[in-house]
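# A closer look at the structure
The lines below spell out each chain.
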2 protein chains.
Amino acid sequence: MADKKVKFIASKSENLTAWYTDVCTKAELMSYAKAKGFIVYRPDGYALWEGIQHYFDERIKALGVRNVYLPTLIPMSLFQKEKDMINGFAPEVAVVTQGGGKQLNEPLVVRPTSEILFSDYFKEIVHSYNDLPIKVNQWCSVVRWEKTTRPFLRGAEFLWQEGHCLFETENEANEFALTILREYNNVGRNLLAIPFVMGEKPSSERFAGAEHTYTIEGLMPDGQALQSGTSHFLGEGFMKAYDVKFLNKENKITYPQYCSWGISTRLLGALIMVHGDDEGLVLPPRIAPTQAVIIPIRADHSPEVVKASKELEEELKKAGVRVLLDLSNKTPGWKFSQYEMKGVPLRLELGPKDLEQKQVTLSKRYNGEKITLPLDQVAGKVPALLEEIQEAMYQKALTFLNSHIVECHDYEEAKKVITSGMGFAKMMVKSTNEAAIEAKFKQELNATPRVMPFDQRPFQSKDTVTGEEGADKVVYFARAY
Amino acid sequence: MADKKVKFIASKSENLTAWYTDVCTKAELMSYAKAKGFIVYRPDGYALWEGIQHYFDERIKALGVRNVYLPTLIPMSLFQKEKDMINGFAPEVAVVTQGGGKQLNEPLVVRPTSEILFSDYFKEIVHSYNDLPIKVNQWCSVVRWEKTTRPFLRGAEFLWQEGHCLFETENEANEFALTILREYNNVGRNLLAIPFVMGEKPSSERFAGAEHTYTIEGLMPDGQALQSGTSHFLGEGFMKAYDVKFLNKENKITYPQYCSWGISTRLLGALIMVHGDDEGLVLPPRIAPTQAVIIPIRADHSPEVVKASKELEEELKKAGVRVLLDLSNKTPGWKFSQYEMKGVPLRLELGPKDLEQKQVTLSKRYNGEKITLPLDQVAGKVPALLEEIQEAMYQKALTFLNSHIVECHDYEEAKKVITSGMGFAKMMVKSTNEAAIEAKFKQELNATPRVMPFDQRPFQSKDTVTGEEGADKVVYFARAY
């Protein structure tokens, strides 16, 4: 029974899909719920989301954003007032038709996103320029009836934050949408060790009702893109539909300018795929619930080893390290596998021999490297070592991303990049051809324009697909999750 | 326009119901959403919930509880497996019957509580005594189709935490339910300055499916009780219904012992009612998002006052005080009313005269007391002053509670206590009469047995209602929210 938990998983390079599912379940991040497409976020999975919440909530509060909570359910009539929202979300909503044992007079939509409810709320509280800006956010779940689902990446219900802000001017609202996008990028840079491409979505990929949709786009090991967070400048469309107005400084009745933004538990999917390996999950230290695990060797025969392990645990705790000492009666081999599967960044082994030599063997999860440190230096050095690991993991992921953004000079090159999983096909596009090119990529390659990166430096003047002169934008195409 | 926000509210003593609604809306804690019974938790209201979350989440993590997230929706067939749950909750559930534009094959219940989903999850992960104990919790919202609703006190949707734990033995599960109850009591004692009566619910008031329901029962100014948190020992009923078993140390297949527990945004209702007054909300310092507000007097004519106010703000921040400096161009009178309405515990006034005399006038929100302090001592003394206020508010509330628990020697006394809003009718009950007495109180007085306090010392041997000898329990009866 003790060894039951030693599990084997699919190979990441051979079968990414099977590997991904194996890691999700065997690293105990989630399990499947009875209702199709719904999952249980288990403690080790939810702790990752809590890490993101903790980091990001502090960041937005420093920007003056305050948290609120709006209802889960939206009256159908309210939902139907904004046409883009209906077109964008109606096909994937869940609808409550019974309540308290009776058929409801008006059905209620389970929120797929909350622009409508926020607009209705803003109508109550916005009257004068004195009431602006309003910067609010909620942490909640949303429900979207997806046909195919995968843990964290696409589900019938997922956890997210949705920020909703109103400003007096277009410029302020648009700038705040961009400020938040940079904060999203920082979640990758500073917490998850994941580099993203920052940019804007082409119009075909915009959020329902948005004038600009900004995105952080990640790249997964199979060369497919993962949209990992979006920030929208919504202008005044929702304000008009829901009749939100204010008296501006010139005493004129005006519509506020709206931006909304969200990241979700989808980031856990990115985290798993970007860093994981054939032994399981690999967590960057800053997000890891357990940063270091101490595994005593032959502890059952050596009270000294137990004592030294406990002392080491205490010292590491004092040094601010999230450390776990595993004194269970499982074998060291079982423990090695277990914590590798769970992605603990650093393993510390301490046996009778080590104790004799007053040393500890440390193994880095992300590259398997082993180092030996004098016992009395461990607690002092581990914090910096964890930071080194964090940075090395980011650099490794950045190298992967950069080497998988491929400049394409003609359609055949782009086709090869996309179909062989080489990553983003970086293309020059002439705006007048945009729709036709998008249709062609969709139909022939099942690929979409993921992002117009903020770095718009052209690499040629010709349109990649048609060869025409006058290409005026850089666009990354890829298949996507 | 500037003075628009000076609002007047109903008198607390004359019309508690109107006063309560006024405070909820005018202190900007919530606003009404379009769907009946649903509310928006506005920033100043949600911040109170965040304060509770922050405090309690740390406490339960110290007890080894980890957070998870389970789905919002429960398949109807799963919901119907446990008969107590159906009987208890079926009349008040909301049901999703459509998803993705289609009629669903199986309706989904929006969670009213999650014992069912947790049981189904536990079935997947519990196999051996090695898997126990399991201590998990989720922060989420639940939906219950209530007929009459009031902000925070009773709503179609409310925010809560629900903890769900499994143990090997009855004793462990029951003890943990009690441990959590004491933690709930501490939320009142240490954070909200609200005293509760701790005890057990009589069988008629137990949670659907529970063997013991423990409660913290608050007393509101009108003498009505407010059930403010419950912790249930559920035994193995759910385990049997959902087939959750484990192999115990004796190698026998056994049912785990279950406890569940929850507190909700209802605590905000208690906070408002227990401490508020005719000027609005009154917040205990530990839960107050803003603990002290600095209001400069004649700031527009005195750059020195502005400068000194900013310095004071900085010093208070350094001293760990959540301070706000209001430099807006509203009148001091408007500001006084505004922050009184919002319940800020301490107001600091600083004008040219004060500056001349190097002093600050401080006003305590909870009792209106004013004191003067030398300017250079303010930052040093405010933290202790806030703690004094916290304790004084608790003691005031405790005195109120204790003086409203009235020993009743016969039915007429109890009737008077209940109908005249004097609080808890403390009664001696003989178990064989219990059902009849409960029925009588329900029918004649619209009152229920709220709690059998842990302090079961009898004050007489006769049954309060029947006068029979052999009364064997102390029960508090009251009307309740």
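Scroll up to find the structure this text is about.
An account of the accompanying structure is given in this report. Per chain, residue numbering runs from 1 following the sequence as it is written. Naming scheme: in the order in which they are written, chains are lettered from A and ligands are numbered from 1. Only residues with pLDDT of 70 or above have their local features reported here, since the model is predicted, and side-chain atom pairs are shown and tallied only from 80 upward, although totals for entire chains, interfaces and linings are computed over all residues. By convention in this description, side-chain values take in all heavy atoms of the structure and omit both hydrogens and water.

### Describing the interface of chain B and chain A
Rules: Here, two residues are considered to be in contact whenever any of their heavy atoms come within 4.5 Å of each other. Buried area: the sum, over both parts, of the accessible surface (1.4 Å probe) that disappears when the two are put together. Whenever a carboxyl oxygen of Asp or Glu lies within 4 Å of a side-chain nitrogen of Lys or Arg, that contact is scored as a salt bridge.
On the chain A side, the residues contacting the 53 residues of chain B number 53 residues. Here chain B packs against chain A, burying approximately 4,500 Å² in sum over the two surfaces, 61% of which is carbon and sulfur. The interface formed by chain B and chain A contains 6 salt bridges. A:Asp120 serves as the salt-bridge partner of B:Lys34, at 2.9 Å between the closest nitrogen and oxygen.

### Looking at the sheet that holds strand β16 (residues 323–325) of chain A
Residues and elements named next belong to chain A. Using the following cut-off: Only when DSSP finds a minimum of two bridges between them are two strands counted as paired. Secondary structure is summarised from DSSP: a helix means a run of H or I of at least four residues, a strand means a run of E of at least two, and numbering begins at the N terminus for each. Interaxial angle, 0 to 180 degrees, is taken between N-to-C directions of lines fitted to C-alpha atoms, where a helix line uses only the stretch in contact.
Taken in spatial order, the 5 strands of this open sheet run β16-β15-β17-β18-β19, and their pairing is mixed. One side of each edge strand has no neighbouring strand; the edge strands of this open sheet are β16 and β19 (370–374). Mean inter-strand twist for the sheet, computed between neighbouring axes without regard to direction, equals 25°. Bridging between strand β15 (residues 292–296) and β16 involves 3 bridges; their strand directions are parallel. Within β16, the position partnered with isoleucine 294 by the bridge is leucine 325. Packed onto the sheet, helix α10 (residues 332–341) meets β15, β16 and β17 (346–350) and runs at close to 170° relative to β15.

### Overview of the relation of the copies chain B and chain A
The two chain copies are related to each other by a rotation about an axis together with a translation along it. So the rule is basically this: All copies are superposed by least squares; the fitting set is the C-alpha atoms of residues with a pLDDT of at least 70 in both.
Least-squares fitting of chain B to chain A yields an RMSD of 0.0 Å, with the superposition described by an axial translation of 0.0 Å and a rotation of 180°. Here the symmetry operator amounts to a two-fold rotation axis. Using C-alpha coordinates, one finds that chain B approaches the rotation axis most closely at B:Val96, a distance of 2.0 Å. Comparing interface residues between copies, 98% of those in chain B also lie at the interface in chain A; the contact surface is shared.

### Section: the sheet that holds strand β22 (residues 448–453) of chain B
Residue and element names in this part refer to chain B. Judged by pairing direction, the sheet is mixed, and its 11 strands sit side by side in the order β3-β7-β8-β14-β11-β10-β9-β22-β23-β21-β20 without closing on themselves. Every other strand in the sheet has two partners, leaving β3 (66–67) and β20 (405–407) as the edge strands with one partner each. As paired elements, β3 and strand β7 (residues 134–143) share 2 bridges and run parallel to each other. Counted as the bridge partner of asparagine 67 is asparagine 137 from β7. Of the strands in this sheet, β10 (212–219), β11 (225–235) and β14 (257–264) touch helix α8 (residues 266–275), which is tilted by about 150° from β11.

### Focus: the pattern of salt bridges
Within the structure shown, the criterion is met by 60 salt bridges over all chains. A salt bridge links B:Asp44 to A:Arg66; its shortest N-O distance comes to 2.9 Å. With one member in each of two chains, B:Asp44 in helix α2 (residues 43–62) and A:Arg66 in strand β3 (residues 66–67) form a pair that bridges those chains. A:Lys335 is the salt-bridge partner of A:Asp326, the closest N and O atoms lying 3.7 Å from each other. Several salt bridges share partner residues, and in doing so they unite A:Glu28, A:Asp44, A:Lys342 and B:Arg66 into one network.

### Let's talk about the packing of aromatic side chains
Defined as follows: The criterion for an aromatic pair is that two Phe, Tyr or Trp rings (for Trp, the six-membered ring) have centres within 6.5 Å, with stacked assigned to planes under 30 degrees apart, edge-to-face to planes over 60 apart and tilted to the rest. Here the term buried applies to any residue with accessible area under 20% of the maximum for its type, exposed to any over 50%, and partly exposed to those in between, with areas from a 1.4 Å probe on protein chains only.
Scanning the entire structure with this criterion turns up 38 aromatic pairs over all chains. With 5.4 Å between their ring centres and 40° between their planes, B:Phe424 and B:Tyr476 make a pair best called tilted. A residue pair is termed long-range when its members are at least 10 positions apart, and B:Phe424 in strand β21 (residues 424–429) and B:Tyr476 in strand β23 (residues 473–478) qualify at 52 residues. Neither B:Phe424 nor B:Tyr476 differs from the other in exposure class; each is buried. An aromatic cluster is defined as three or more aromatic residues linked by ring pairs; in this entry it consists of A:Trp49, A:Phe56, A:Trp139, A:Phe167, A:Phe176, A:Tyr184 and A:Trp261.

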